[in-house]
Amino acid sequence: MYNNFITNIFKKTMTDYKELIKNFTEEDYKENRVNLHIHTTYSDGKGEFSDIIKQAKNYKAIAISDHNTIQGYLENKIPNNVIPAVEFDVWCGYVFMHLLAYGIDVNSEHLKPFLAKSKRETEWDIVRIFAKRNIKKLIHAIHKAGGIAVIAHPACCWALNLDRFIKKLKRYGLDGVEVYYPYPRHRGIIKFNTVENVKKIAQKHNLIMTGGTDLHDQRL
């Protein structure tokens, strides 16, 4: 009875995260009220995890999504406006992609096989590109951990047909698409779709639309 009670509370909490993210607006992302794509020194960012949290005190919500690690959540006090997250490197067929997981239980045993085993796996591109995670199993694990799976910066995916690619990911359990994204640095050059096209694809497949800046600097 007690275990069922705890399980129901846990499920409600995760559902609340999903509903919270679904209700963020385009203006929330563009007006810097919400940022769901941030990196810290736990992966390849320059900002300290605790310092980024302090800077975000007036934000509706942020998500620190370090590459392949949730260590920052295990070692820091997390305020209510911070959504637990991680960004995984994964291949789907011939396409190398990044998959954001939001609202996860950071203590979940289901995620552990997919997390980085060394610091290099969180920050070195040449190491991360050889990731051997299975996309279907990864999405399943994210769901088992109570989270939602969102494709990151999809305009940069090397998919020949992004619409068809996202449709396939949805069959695997994809929940959302990162739509409101500025495509900074090299992603502004290596880009195969427009943000407007990505938005249309997300709407067509009835997927949650998220956003963030892919922050790697010290200041929000």
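Above this text you will find the structure in question.
Counting starts from 1 at the beginning of each chain's written sequence and moves along it residue by residue. Note on the predicted model: pLDDT of at least 70 is required for a residue's local features to be given, and 80 or more for side-chain atom pairs to be given and counted; whole-chain, interface and lining totals, by contrast, use all residues. To get the side-chain values, all heavy atoms of the structure are used, and hydrogens and water are removed first.

Draft legend 1. A look at the sheet that holds strand β5 (residues 148-151). Whether two strands pair comes down to DSSP finding at least two bridges between them. Working definition: helices are DSSP H or I runs of at least four residues, strands are E runs of at least two. Numbering for both runs from the N terminus. With mixed pairing, the 5 strands of this open sheet are ordered in space as β3-β4-β5-β6-β7. The two strands at the open ends of the sheet, each matched to only one other strand, are β3 (85-92) and β7 (208-211). Within this sheet the neighbouring strands show an average axis-to-axis angle of 40°, counted without direction. In terms of strand pairing, strand β4 (residues 95-102) meets β5 through 4 bridges, oriented antiparallel. Across the sheet, residue Y102 finds its bridge partner in β5, namely I148. Packed onto the sheet, helix α8 (residues 162-172) meets β3, β4, β5 and β6 (176-180) and runs at close to 115° relative to β3. Geometry is summarised by axes, namely lines fitted to C-alpha atoms with helices restricted to the contacting stretch, and by angles between N-to-C directions that run from 0 to 180 degrees. Whether two residues are in contact is decided by their heavy atoms, any of which lying within 4.5 Å being enough.

Draft legend 2. Expanded view of the environment of V195. Position of V195 among the secondary structure elements: in helix α9 (residues 195-204). Throughout this description, buried means an accessible area under 20% of the type-specific maximum (1.4 Å probe, protein chains only), exposed means over 50%, and partly exposed covers the range between. On the basis of relative accessibility, which here comes to 30%, the residue V195 falls in the partly exposed class. For the pair V195 and Y181, spaced 14 residues apart in sequence, the C-alpha to C-alpha distance is 7.7 Å.

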